[in-house]
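Coordinate analysis (summary)
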Amino acid sequence: MNKLETMFDLTGRVAVITGGAGLLGQQHAEAIAGAGGIPVLADISLVSVDPHSLAFKEHFGDKAFATKTDITKLESVKALLAEVLNRYGRVDILINNAANNPKMEKTADVEFSRLENFPLKQWEADLSVGLTGAFLCSQVIGSEMVKHKRGVIVNVASDLAVIAPDQRLYRKPNLPADQQPVKPVTYSVVKTGLIGLTRYLATYWADAGIRVNAISPGGIYNNQPDEFVQRLANLIPLGRMANANEYQAAILFLCSDASSYMTGTNLVIDGGRSCW
Ligand SMILES: NC(=O)c1ccc[n+]([C@@H]2O[C@H](COP(=O)([O-])OP(=O)(O)OC[C@H]3O[C@@H](n4cnc5c(N)ncnc54)[C@H](O)[C@@H]3O)[C@@H](O)[C@H]2O)c1
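Below: a short report on this structure.

Quick look at the environment of Thr 186 now. Here Thr 186 lies in helix H6 (residues 185-204). On the basis of relative accessible area, Thr 186 is assigned to the buried category, the value being 1%. The spatial distance from the C-alpha of Thr 186 to the C-alpha of Trp 123 is 6.1 Å, given a sequence separation of 63 residues. Within the local environment of Thr 186, its side chain forms a polar contact with the side chain of Asp 126, the two groups lying 2.7 Å apart.

Our focus in this paragraph is unusual backbone geometry. Even without being glycine, Lys 149 reaches a positive phi, approximately 55°. When you line up the elements, Lys 149 lands in the loop between helix H5 (120-147) and strand E5 (151-156). Phi angles above zero are rare outside glycine, and Asn 174 is one such case at about 65°. With respect to the helices and strands, the residue Asn 174 is situated in the loop between E5 and H6.

Below, the discussion takes up the site of the ligand. Every one of the 25 residues lining the ligand counts as a neighbour, but Leu 24, Asp 43, Asn 101, Tyr 187 and Lys 191 are closest to it. Ile 220 places a polar main-chain atom, nitrogen or oxygen, 2.8 Å from an oxygen atom of the ligand. The protein chains hide 86% of the 820 Å² of surface that the ligand would expose on its own. Within the shell around the ligand, the residues separate by chemical class into 13 nonpolar, nine polar and three charged.

Turning our eyes to something else, we now look at the sheet that holds strand E3 (residues 65-68). What holds strands together in a sheet is hydrogen bonding between their backbones, with the strands either parallel or antiparallel. In spatial order, the strands read E3-E2-E1-E4-E5-E6-E7; together these seven strands make up an open sheet with parallel pairing. Looking at which strands have only one partner, the edges of the open sheet turn out to be E3 and strand E7 (266-269). Going from strand to strand, the sheet's axes swing by 20° on average, the running direction of each strand aside. Where E5 lies against strand E6 (residues 210-217), six bridges are found, and the strand directions are parallel.

All right, on to a nonpolar patch on the surface then. On the surface, Leu 120, Trp 123 and Val 189 cluster together into a nonpolar patch covering about 260 Å² of accessible area. Among the secondary structure elements, Trp 123 is positioned in helix H5. By relative accessible area, Trp 123 is classed as partly exposed at 31%.

Turning to the packing of H5 against H6, a few remarks are in order. For the pair H5 and H6, interaxial distance at closest approach is 9 Å and the crossing angle is 15°. When the axis of H5 is compared with that of H6, the two are roughly parallel. In this structure, H5 crosses over H6, and the sense of that crossing is right-handed. Of H6, the residues touching H5 (which contributes Gln 122, Trp 123, Asp 126, Leu 127, Gly 130, Leu 131, Ala 134, Phe 135 and Ser 138) are Val 185, Thr 186, Val 189, Val 190, Gly 193, Leu 194, Leu 197 and Leu 201.

Now for helix H2 (residues 23-34). Helix length check: H2, at twelve residues, gives a terminal C-alpha distance of 17 Å against a target of 16 Å (1.5 Å per residue), a fit within 8%. Within H2, burial applies to Leu 24, Gly 25, Gln 27, His 28, Ala 29, Ala 31 and Ile 32. Gly 36 sits one or two positions beyond H2 and adopts a positive phi of about 95°.

To continue, consider the state of the cysteines. Here the structure, examined in full by the defined rule, presents zero disulfides. Cys 137 takes part in no disulfide bond, and the closest cysteine sulfur, belonging to Cys 255, lies 14 Å away.

So, how was this worked out
- Residues numbered from 1 in each chain as written.
- Predicted model: local features only at pLDDT ≥ 70, side-chain atom pairs only at ≥ 80, totals over all residues.
- Heavy atoms only, no water.
- Helix = DSSP H or I, 4+ residues; strand = E, 2+ residues; numbered from the N terminus.
- Buried < 20%, exposed > 50% of the residue type's maximum accessible area, 1.4 Å probe, protein only.
- Polar contact = N/O pair within 3.5 Å; in protein donor to acceptor, adjacent residues only side chain to side chain.
- Near = heavy atom within 4 Å.
- Areas by Shrake-Rupley, 256 points an atom, 1.4 Å probe, with all protein chains shown as cover.
- Nonpolar A, V, L, I, M, F, W, Y, C, P; charged D, E, K, R; others polar.
- Pairing = 2+ DSSP bridges.
- Axes fitted to C-alpha atoms, helices over the stretch in contact; angles between N-to-C directions.
- Patch = residues over 30% accessible without salt bridge, like charges linked within 9 Å, V, L, I, M, F, W, Y side chains within 5 Å.
- Salt bridge = Lys/Arg side-chain N within 4 Å of Asp/Glu carboxyl O.
- Parallel < 35°, antiparallel > 145°, perpendicular 65-115°, else oblique.
- Left-handed = near helix turned anticlockwise from the far one by under 90°.
- Contact = heavy atoms within 4.5 Å.
- Expected span 1.5 Å × (residues − 1).
- Disulfide = S-S within 2.5 Å.

Next up, the structure:
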């Protein structure tokens with residue numbers, strides 16, 4: 001292995017990925033496994049990644065593991081850590097990736113999304129997964145890494161951590177202004193909050209050998225309606241949405257020693273959207 005390959009090598013390193021069963025979580029897991037690491041896919045629903053299924057074993061071999069976890073519950077996060085340590089004896093990487101992801105471009109149900117009607121329950125649920133979950137996982141799994149003076153945390157934010165949502169993207173014809181769907185306020189708040197958590201943890205644990213960074217992906221193409229895709233593409237200098245695998249290299253970079261002099265940063269990968 002040459003020196004450059006060594007920098008990106010994750011052989012034997014165990015990476016907990018929250019929301020690991022989702023669209024991006026599975027991509028992160030592939031990136032970790034591809035560099036020799038062991039991804040642990042922690043998700044409240046394992047429907048898409050049954051660890052006992054042939055598909056899962058064919059995809060990841062025996063060097064991956066999926067487990068049911070509710071990151072909003074301290075006991076569940078503690079149980080996740082115990083399970084990981086019991087199985088592998090170590091944890092090296094935490095990717096705080098889980099979030100509630102309202103798909104405003106696909107739904108006609110606009111009742112709840114507008115600020116004036118946004119239910120407190122939904123606000124609490126979104127913050128609970130996106131922020132409290134990231135806090136609890138960082139507290140429990142980060143503290144374990146601190147004991148060994150080595151570890152990496154990556155928080156998955158969004159381009160909406162650095163810019164406001166452009167609500168024109170979600171407009172539907174023939175609806176009055178006060179009934180137009182919008183990206184909910186919680187998405188911006190959660191994603192911006194994660195950048196704050198990143199900076200806090202990066203400095204708090206700088207001398208404990210833990211590096212903490214964020215990644216801010218732009219929108220991923222996932223069969224959204226054509227009109228929405230075109231509107232969004234018009235806001236992006238590179239002229240298109242991302243493919244799901246276009247964040248893998250950045251995840252590998254942030255999780256590996258290749259980024260050894262990097263902490264407290266937000267890596268924005270958005271096709272140039274936020275510079276326009
Ligand atoms: N998809 C995009 O276009 C995009 C763009 C920018 C940022 N992001 C961010 O990337 C991350 C992953 O997005 P995605 O598109 O894969 O979303 P997704 O909805 O496919 O995956 C999210 C996963 O989180 C899990 N989850 C929800 N609540 C949980 C809980 N309490 N405990 C454990 N797991 C829980 C869900 O079951 C789901 O599998 C999110 O943070 C999202 O905001 C996504």
